[in-house]
Amino acid sequence: MGSLANGEAVSSDDARMEERADAWSNLEMSNFDTRAMGAATAAYQADMASKHCMALAVWVQHLWGQVHLLQGKVTELEDWKRRALDEVRRLRDDQKELKLRVTDAAQEGGVLPRRADTVPAHGIPNPGPPPGLSTPPGLREETVDSGAFGNPSELTSGCTSSSVTTETDGMIEGIQVTEGEVEGKPCEIAEWRIGHLSSKLNGCMGKALVSPPFTAAGHEDVRLMVFPEGKDAARGLRSKRQKELYAKKVSEGPLDGCLKMKFVPEEGSLVLEYYLSVGSERRGPFKHDFGEQNINGCYDFGVDWLKQLDQDQSLTVRAQILKA
């Protein structure tokens, strides 16, 4: 009996040892599978990182090439700007010389040359559009003269000076200066015809629409300025809602802008007396010393400017400057 009990105890111990061995074997296999899966995942991630590094290197090389290309474009634009500024200076010098010739001819009692002889329409060098850009539509090279150039930041109207006009879509735009009378007093009338008013104001987005320079009452470089937002023009348009309201105002009305005259005297004070008109509505007289403040005008005409448009959607504004 004792021998039988001992044999059963030995068999039980062997069974437990086999079970433990199987458990350890399964655990080892499980750990091996986990390590193998981790190693495979790490290898995959390393391969993906290597591919991303290669793609990033290609992009860096591409962007570096683009930077060099843009630097070349900037250099090219700077050269064009320099040539254009030199040409503008030369044209202004030519304009001054032509004015002196006309003045001398008038003082000598001679016959004034025709405008085609004084300012030739052809033969004026044009630096052309900036590199990569085409000539703006509606701008005819043969109608560009030195009077059309002013402060680049103010030339938003697309018109030309009193010495020449621009023809766009069959319409003549620009500044025309004539002799006349207002309230029985002699004056010079500077008439500015603004074609497609709503489109031009919409393109300005709240900024002032400035006329080309003209000569009136013996004074040069006089300009008219249209402020579509009235007294709030200086604030500008910032939010999307403001821009939407502005676009609706200049397209559908009511548009209650203001018209001003800008003049910078060479020295000292200069008092001018003048009237301002928008369409058929005239206001004034205004008397102002432009030596103290260079801009002055009328803030409120009391009418919807869009109702003053002509049939071709153009607006005519005038400044009647009394002679001293």
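Residues numbered from 1 in each chain as written. Predicted model: local features only at pLDDT ≥ 70, side-chain atom pairs only at ≥ 80, totals over all residues. Heavy atoms only, no water.

Focus on the overall build of the protein chain
- For the protein chain, the helix and strand inventory stands at four helices and 11 strands.
- Relative to all contacts within the protein chain whose residues are 6 or more apart in sequence, the contacts with residues 24 or more apart total 61%.
- For the protein chain, the computed accessible surface area is about 20800 Å², with 54% contributed by carbon and sulfur atoms. (Helix = DSSP H or I, 4+ residues; strand = E, 2+ residues; numbered from the N terminus. Contact = heavy atoms within 4.5 Å. Areas by Shrake-Rupley, 256 points an atom, 1.4 Å probe, with all protein chains shown as cover.)

Side note on helix α3 (residues 197-204)
- Listed in full, the buried residues belonging to α3 are Leu 197, Ser 198, Lys 200, Leu 201 and Cys 204. Across the axial projection of α3, the buried residues extend over an arc of 165°, all falling on one side. In α3, the exposed residues that point more than 90 degrees away from the buried face are Ser 199 and Gly 203.
- At the exit of α3 stands Met 205, carrying a positive phi of roughly 50°. (Buried < 20%, exposed > 50% of the residue type's maximum accessible area, 1.4 Å probe, protein only. Arc of directions from axis to C-beta.)

Considerations on the side chain of Arg 223
- Within the element layout of this structure, Arg 223 appears in strand β6 (residues 219-227).
- A polar contact of 3.3 Å, which involves the side chain of Arg 223, links it to the backbone oxygen of Ser 211. (Polar contact = N/O pair within 3.5 Å; in protein donor to acceptor, adjacent residues only side chain to side chain.)

Looking at the environment of Phe 214
- Here Phe 214 shows up in strand β5 (residues 214-216).
- Overall, Phe 214 belongs to the buried group, its relative accessible area being 2%.
- Counting along the chain gives 38 residues from Phe 214 to Gln 176, while the straight-line C-alpha distance between them is 8.5 Å.

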